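A closer look at the structure
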Amino acid sequence: MTVRRRRADGRWRRLFIPVVPVALLLSPLLLLAVVGGVVACFMFDVRPLGALRGIGRVLWALPGTRFEFEEGRTALHVRIR
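**With respect to the sheet that holds strand β4 (residues 74-79)**
Strand order in the open sheet formed by four strands is β2-β1-β4-β3, with antiparallel pairing between adjacent strands. Each having just a single partner strand, β2 (12-16) and β3 (66-71) make up the two edges of the open sheet. The sheet shows a mean angle of 10° between the axes of neighbouring strands, taken without regard to direction. Judged from the four bridges that link them, strand β1 (residues 2-6) and β4 form a sheet pairing that is antiparallel. Its bridge partner lying in β4, T2 is registered against R79.

Reading the values: rules and limits
- Residues numbered from 1 in each chain as written.
- Predicted model: local features only at pLDDT ≥ 70, side-chain atom pairs only at ≥ 80, totals over all residues.
- Heavy atoms only, no water.
- Pairing = 2+ DSSP bridges.
- Helix = DSSP H or I, 4+ residues; strand = E, 2+ residues; numbered from the N terminus.
- Axes fitted to C-alpha atoms, helices over the stretch in contact; angles between N-to-C directions.

The structure is reproduced here in structure tokens:
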């Protein structure tokens with residue numbers, strides 16, 4: 001993932017974020033999120049496998065996504081490869 005931010009002097013600052021190492025570092029929180037998601041599925045009467053399939057489809061569609069925000073001197077561009 002690439003994040004670009006415009007500095008106050010007008011130059012762009014580019015930051016590369018490797019997704020896999022960040023996901024590995026956050027994996028304990030991911031485990032808690034999965035447990036919370038399963039509990040929420042049972043509370044709202046949603047099939048857990050259907051919810052997992054929907055999340056997988058969203059994650060599969062992420063590559064190629066671009067998000068751009070500009071207002072005044074503030075600008076932020078995010079691109080997922």
